[in-house]
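Listed here are the chains, written in short residue letters.
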Protein chains: 4
Amino acid sequence: MIIVMQVAASESQIRGVREVIETRSLKALVMPGGERVAIGIPSAIPPEERESLAGQLGALPGVAHVTHVTRPYKLASREFHSADTVVEIGDVRIGGNEVQVMAGPCAVESREQIQASARAVRAAGARVLRGGAFKPRTSPYAFQGLQEEGLELLHDAAREAGLLTVSEVMQPDLVGLVATYVDVLQIGARNMQNYPLLIEAGRSGKPILLKRGPSASLDEFLLAAEYVLHNGNPNVMLCERGVHPLDRAYVRNTLDLNAVPVLKELTHLPVVVDPSHGIGVRRHVPAMAAAAVAAGADALIVEMHPDPARALSDGPQSLSPDELSDLMARLRPLGEAVGRTLHDPAR
Amino acid sequence: MIIVMQVAASESQIRGVREVIETRSLKALVMPGGERVAIGIPSAIPPEERESLAGQLGALPGVAHVTHVTRPYKLASREFHSADTVVEIGDVRIGGNEVQVMAGPCAVESREQIQASARAVRAAGARVLRGGAFKPRTSPYAFQGLQEEGLELLHDAAREAGLLTVSEVMQPDLVGLVATYVDVLQIGARNMQNYPLLIEAGRSGKPILLKRGPSASLDEFLLAAEYVLHNGNPNVMLCERGVHPLDRAYVRNTLDLNAVPVLKELTHLPVVVDPSHGIGVRRHVPAMAAAAVAAGADALIVEMHPDPARALSDGPQSLSPDELSDLMARLRPLGEAVGRTLHDPAR
Amino acid sequence: MIIVMQVAASESQIRGVREVIETRSLKALVMPGGERVAIGIPSAIPPEERESLAGQLGALPGVAHVTHVTRPYKLASREFHSADTVVEIGDVRIGGNEVQVMAGPCAVESREQIQASARAVRAAGARVLRGGAFKPRTSPYAFQGLQEEGLELLHDAAREAGLLTVSEVMQPDLVGLVATYVDVLQIGARNMQNYPLLIEAGRSGKPILLKRGPSASLDEFLLAAEYVLHNGNPNVMLCERGVHPLDRAYVRNTLDLNAVPVLKELTHLPVVVDPSHGIGVRRHVPAMAAAAVAAGADALIVEMHPDPARALSDGPQSLSPDELSDLMARLRPLGEAVGRTLHDPAR
Amino acid sequence: MIIVMQVAASESQIRGVREVIETRSLKALVMPGGERVAIGIPSAIPPEERESLAGQLGALPGVAHVTHVTRPYKLASREFHSADTVVEIGDVRIGGNEVQVMAGPCAVESREQIQASARAVRAAGARVLRGGAFKPRTSPYAFQGLQEEGLELLHDAAREAGLLTVSEVMQPDLVGLVATYVDVLQIGARNMQNYPLLIEAGRSGKPILLKRGPSASLDEFLLAAEYVLHNGNPNVMLCERGVHPLDRAYVRNTLDLNAVPVLKELTHLPVVVDPSHGIGVRRHVPAMAAAAVAAGADALIVEMHPDPARALSDGPQSLSPDELSDLMARLRPLGEAVGRTLHDPAR
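Residues numbered from 1 in each chain as written. Chains lettered and ligands numbered in written order. Predicted model: local features only at pLDDT ≥ 70, side-chain atom pairs only at ≥ 80, totals over all residues. Heavy atoms only, no water.

Quick word on the relation of the copies chain B and chain D
Once chain B has been moved 0.0 Å along the axis and rotated by 180°, it coincides with chain D to within an RMSD of 0.0 Å. These values place the two chain copies in the arrangement generated by a two-fold rotation axis. By C-alpha distance to the rotation axis, the residue of chain B lying nearest is Asp 247 of chain B, at 3.1 Å. A symmetric contact is evident, with 100% of the interface residues of chain B recurring at the interface of chain D. (Least-squares fit on C-alpha atoms with pLDDT ≥ 70 in both. Contact = heavy atoms within 4.5 Å.)

Take a look at the structure:
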């Protein structure tokens, strides 16, 4: 932590800063500068003191501003855990050399719909079936999902097709229920900072697909992951799904693919990309899926519906079964060009 | 709803759009244009069909884009409820002529701290004591609040001082508990789209202070309020607390005061402003509080701590008791200049 | 400047950083930390070396990141020039106790229009007439302004009414021409980083109204002002006019009033607010003008048209003469409540 | 254009809207809705009337809001020019099947530096040499470029190496000068809405590389291109270079690759991506370059410096010659995987 003093700061104000630091048994290193003084704390500050100390110092007279020199997360950081985390579920590995694809409808709508989805997902070569049962909807008047029945339908359809499942959980008291049906718990973008939910997700021990909030910085995103890790669950996958766009004339979100190489450097956790929400327009999803793989994503999560024009939600961004199949076929040579593989059911 | 066709759309594509509309027993009005055709739906679309219809139409061949001409919320809209909603709690009215001030510490830390806060809040002329017991913290290592004990301390301190209380609830299964202790339930910015929480807040019947999310559009904000209203609770206060800033070199958020006159026109609900989070720097809070009153806010919520330099959270943006008192003294003539009053305990 | 090393940085990498610093005749202060090393430069770095040094250090092996501890502007900073700059033009002082209002149409359209505008501006109590002659328009098909003829009409109308003038200049080779007609040169938001234009504006010696770009940070804004100051012109006024909004459903921009108290602290230059562009909706302009004065603005610039419904540009955000007059009448008591005055022609 | 009336709009207000429309010899189609009336204009509105008409209608009593149903640009639109524009310069085609790479230093610094750059660019297989002579710099204290001497050095080095050139022009009165030295004129992000510059660029007839502004919507971007096209120059390349990021802790900008497929659909103009500014961190540039090609970019513009650690500007985001060579080698199989080619000097 560096405390930068105002140009006109007095000797006694500088002394005041030193005293607060030393009261906490930390060292204070005063750096006289040409125009102003800066004070460094050349020792590790316990994470639970970090914020309160910065707050206290920032409120002292003569202080211009306080700058953190280290990142606020630790368990998520590659600096303290250099090897890639690979989340293993059955024989599916996420974070290894094979780029995984999770696909399926926005919402589970009926047994027929989810079974048809599962068959199409399987045929295309994806290994995880997605499908929402508890749906976060912007409007209270929109379809809210089939709830537990939806989870059961999702589970059954996936098992018949030999697929894993991922579905969203929206409230801490339902983590246990959702976890009994699915292989991966999704925490949605709007809940990225729902801390009671993150804590329960941590305690559940289930693999977690954590989506980035639409205006979350990467530090905030990694701190949300830190909540899960800190509660004992090492199996966290980070999912970039688009940030708030400059305008919505042509897209729903701005897919932030910069986050892929940056996260791969900052953290050991697998990085997933959702091109469907990331652009929000069906015919542009393949281009963004390809870009995500080229940028280094470990997995994709893609919306597909057996009949997009009749989908109860997210139809405009859902691929048809044929489009998913074409996409997978296009991604395989692309993956190869960047040294990755994608599952091919034909082999 | 207006469906704009591509320039090269064919007759049969236009017919396809008409058919989908008419299947839903709605009228389709084809407007031949100079270069392209647009199709209007000149009738009220039930809110629960709005999104799925737009999705379905947007996925049809030949359609360029679909534009909504009406707003997606209804109970929150002033068009269907023209008189101002005034939330009445005891003898305090929020949304009437008197500008109310809610003040207190970010977090309840101890009996002494919250009692001192309550006395200072009372002395300054504010009528509602704020204080967090369940704290949403970006880092899992930061102080998380005293939980139920904090609620009890808040309640006791407020009652002794003759104040009302507001405190945040973060998860749906705790709405009942928090509601037994406080007069106003706060839903934080990070939970603005936590729908299970909004639904419980609606069912509770308690006055709700709903904070705007850091990248929420006003439509998304009003739809979040619509969730509460739709679940039977008319007492919703909308709180602007700053949106994601261009950068954080000097501020924590960008207080969006444009939202004040715009919301006052769009909705009948009271509008509250939080200048403390809205700028995040103690010495600038008074300027922004004054600006909020001038812009037409019905209430302010302000962080104050008996000893900001020792606050466990948000010290850098908390006023001291004297600063709060000075602020109230400055706001009274300002309120008068815009035709409003502020409570004065000296009278 | 602080150079933060990676956790795994080697001794020789730390030595490499020291050498680069010492080659420039600066001191390097190594701070051994608990987990990683940081290196401070405890001396003033000449501004022209600042960026290249940071670039060079950031590219060295073992360096995690480089943090500036001082601000990049100097002439604009209050730390080196503590007294408020007051721009004096004739008997009008901007930056003093009197809050000045500049008003007039977006564009000069005709002699009659600008004369009617001047009379209305004068009658309302504003002292500076605005009016565009060279118009930056998003579309090449929109009205581009009357150019030199417009300047002449503006000048004549203002002189008849006893007003000063402000008008925009868009290209460096026209600074001289525009400066012969007007009292204040405006540099528009889209040109905030048009450096050749800033340099010419600096050389002109004329008072400059510099508008903040729609996504400019305050550091970028102050560095743009620094260009003008550095080229010999001390008379710069900083104008906040709204930043890129979250969405444009109800407003044109997000007026960032946080910038007012923050700029007043960082710099000695006067701060002007443009509520017309800042919200973009005529009926909300008065609320935002009031908020700006309450926040501490030194001046306002407001669009007014004798007949807004017939304006060739910006009609939807232009006040009518009566609305301007009402606004001035409302601002006077408000100004008084915050210790400022506004000109009253009736006295 | 659709005019949506307020719920409570009266018959005479509706008549008022019709009259304004009909006065302009346009048709007004009144659509009675369930709750409110909308009025459509089912005919092509001349582009030069578009904005003033919307302004006038928006200011009428009873009008809730005005919505455009058609896009404001025309020459840039694929709807009126369906075939891809291919910019041909000598034997280099931009917008065809071959993905072109433009590379070189941020700034021309010396004869040796630009010659070494040219050799490295040539060897890697790129065909266009970039190098700034007139540099837009945020700080007046930073290196501003070698100006005309820089252009001459750039030109000579490129001709020796058999390369084309691209360099930025910052002011309209220098378009002629810069055009005598270079093959492609770059208009920088900060000048995207510098209309006098766009007009001169249009008149010059030279191929234009137009960079998107950091907060420009795609409509604003395409309208900037429209200025160039409208002034008689069909050879415009659109360059995405990153938009304002959520924060700058790890990146300089947010590369908006969504813009690639969206622009390819909206317009016939070639789309270029600048991964260097788009992420701003050297070691992440290759990932983003690969993602850009996968997303469908027609060309890349990449910063490379013979010795990045000694670069006078943008060192932290510049590749070394070896890194550029490696990048090109990685992009070739990737291009092939998406059906494109990249030049290979070894063949």
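Topic: the sheet that holds strand S1 (residues 2-5) of chain B
Residues and elements named next belong to chain B. Strand order in the open sheet formed by four strands is S2-S3-S1-S4, with antiparallel pairing between adjacent strands. Every other strand in the sheet has two partners, leaving strand S2 (29-32) and strand S4 (63-67) as the edge strands with one partner each. Across the sheet, the mean angle from the axis of one strand to that of its neighbour is 20°, orientation sign disregarded. In the sheet, S1 pairs with strand S3 (residues 37-40) via three bridges, with the strands oriented antiparallel. When the sheet's bridge partners are listed, Ile 2 is paired in S3 with Gly 40. Most of the contacts of helix H1 (residues 11-23) go to S1, to which it runs at about 165°, and overall it touches S1, S2, S3 and S4. Along the sheet face, helix H2 (residues 47-58) touches S1 and S4 and points at about 165° away from the line of S4. (Pairing = 2+ DSSP bridges. Helix = DSSP H or I, 4+ residues; strand = E, 2+ residues; numbered from the N terminus. Axes fitted to C-alpha atoms, helices over the stretch in contact; angles between N-to-C directions.)

Some remarks on the nonpolar core
With 332 residues, the main nonpolar core has Leu 210 of chain A, Leu 210 of chain B, Leu 210 of chain C together with Leu 210 of chain D as its most contacted residues. Ignoring sequence-local partners within four residues, the contact set of Leu 210 of chain D consists of Ile 187, Met 192, Leu 198, Phe 221, Ala 224, Ala 225, Val 236, Met 237, Leu 238 and Cys 239 of chain D. (Core = buried A, V, L, I, M, F, W, Y, C linked by side-chain atoms within 4.5 Å. Buried < 20%, exposed > 50% of the residue type's maximum accessible area, 1.4 Å probe, protein only.)

Regarding the interface of chain D and chain A
At the junction of the two partners, chain D supplies 39 residues and chain A supplies 39 residues. Regarding the contact of chain D and chain A, the summed buried area is about 2900 Å², with carbon and sulfur atoms giving 65% of it. Interface area lost by chain D to chain A is led by Leu 246, Tyr 250 and Asn 258 of chain D, which between them contribute 25%. Along the contact surface separating chain D from chain A lie two salt bridges. Residue Arg 283 of chain D is joined to Glu 265 of chain A by a salt bridge in which the shortest nitrogen-to-oxygen separation is 2.5 Å. Put simply, chain D and chain A have 12 residue pairs in polar contact (both at pLDDT 80 or more) between them. Of all the secondary-structure elements, those providing two or more residues to the side of chain D that touches chain A are helix H7 (218-230), helix H8 (259-266), helix H9 (275-279), helix H10 (285-295) and helix H11 (321-337) of chain D. Here the side of chain D that touches chain A gets six residues from one element, more than from any other, and that element is H10 of chain D. Its residues assigned to classes, the side of chain D that touches chain A shows 25 nonpolar, seven polar and seven charged. (Buried area = accessible area lost by both parts, 1.4 Å probe. Salt bridge = Lys/Arg side-chain N within 4 Å of Asp/Glu carboxyl O. Polar contact = N/O pair within 3.5 Å; in protein donor to acceptor, adjacent residues only side chain to side chain. Nonpolar A, V, L, I, M, F, W, Y, C, P; charged D, E, K, R; others polar.)

Quick word on the pairing of strand S7 (residues 98-104) of chain B
Residue and element names in this part refer to chain B. Across the seven residues that make up S7, a large majority, six, are buried. Direction of pairing for S7 relative to strand S15 (residues 341-342): parallel, over a ladder of two bridges. The partner of Val 99 across the bridge, within S15, is Leu 342. Relative to strand S14 (residues 299-303), S7 runs parallel, the two being bridged by five bridges.

Observations concerning the relation of the copies chain D and chain A
With an RMSD of 0.0 Å, the operation that places chain D on chain A is a rotation of 180° combined with a shift of 0.0 Å along the axis. Take the interface residues of chain D: 100% of them recur as interface residues in chain A, which is what a same-surface contact looks like.

Notes on the state of the cysteines
Residue and element names in this part refer to chain A. By the definition in use, this model includes zero disulfides over all chains. Free cysteine Cys 239: the closest other cysteine sulfur is in Cys 106, separated by 14 Å. Relative accessible area serves as the criterion here: at 0%, Cys 239 is assigned to the buried category. (Disulfide = S-S within 2.5 Å.)

What to know about the packing of aromatic side chains
In this structure the tally under the stated criterion is four aromatic pairs over all chains. Where Tyr 195 of chain A meets Tyr 227 of chain A, the ring centres are 4.5 Å apart and the plane angle is 25°; that geometry is what we call stacked. A residue pair is termed long-range when its members are at least 10 positions apart, and Tyr 195 of chain A in helix H6 (residues 195-204) and Tyr 227 of chain A in helix H7 (residues 218-230) qualify at 32 residues. In this pair, the class of Tyr 195 of chain A matches that of Tyr 227 of chain A, namely buried. Here the guanidinium or amino end of Lys 74 of chain B rests over the ring plane of Phe 80 of chain B, the centre of that ring lying 5.0 Å away. (Phe/Tyr/Trp six-rings, centres within 6.5 Å; stacked < 30°, edge-to-face > 60°. Lys NZ or Arg CZ within 6 Å of the ring centre and 35° of its normal.)

Observations concerning the sheet that holds strand S1 (residues 2-5) of chain A
All names here are of chain A. The four strands are arranged S2-S3-S1-S4 in an open sheet whose pairing can be described as antiparallel. Each edge of the open sheet carries a strand with a single partner, namely strand S2 (29-32) and strand S4 (63-67). Neighbour to neighbour, the strand axes of the sheet diverge by 20° on average, direction disregarded. Summarising the sheet, S1 and S4 pair through four bridges and their orientation is antiparallel. Looking at the pairing, Ile 2 lines up with Thr 67 of S4. Along the sheet, helix H1 (residues 11-23) makes contact with S1, S2, strand S3 (37-40) and S4, crossing S1 at roughly 165°.

Digging into the packing of H10 of chain D against H11 of chain D
Residue and element names in this part refer to chain D. The contact between H10 and H11 brings their axes to 10 Å, and the two run at 25°. Judged by the angle between their axes, H10 and H11 are roughly parallel. In terms of crossing hand, the pair formed by H10 and H11 is right-handed. Contact with H10, carried on its side by Pro 286, Ala 289, Ala 290, Val 293 and Ala 294, involves Leu 327, Arg 330, Leu 331, Leu 334 and Gly 335 of H11 and no other residues of that element. For the contact of H10 with H11, the per-class residue count stands at eight nonpolar, one polar and one charged. (Parallel < 35°, antiparallel > 145°, perpendicular 65-115°, else oblique. Left-handed = near helix turned anticlockwise from the far one by under 90°.)

Description of helix H6 (residues 195-204) of chain D
Residues and elements named next belong to chain D. Among the residues making up H6, those that are buried are Tyr 195, Pro 196, Leu 197, Leu 198, Ala 201 and Gly 202. The secondary structure elements touched by the buried residues of H6 are helix H5 (175-181), strand S10 (184-187), strand S11 (208-211) and H7. Where H6 terminates, the next one or two residues include Gly 205, which has phi positive at roughly 75°.

Here's the deal with the pairing of strand S3 (residues 37-40) of chain D
Residues and elements named next belong to chain D. Alternating positions in S3 separate into two faces, Val 37 and Ile 39 on one and Ala 38 and Gly 40 on the other, with burial throughout. Relative to S3, strand S2 (residues 29-32) runs antiparallel, the two being bridged by four bridges. Bridged to Pro 32 within S3 is Val 37.

Considering the domain arrangement of chain A
On domain assignment, one finds that chain A holds domain 1 (2-67) and domain 2 (87-342). Relative placement of domain 1 of chain A and domain 2 of chain A: their C-alpha centres are 44 Å apart. (Domains from an automatic or database assignment.)

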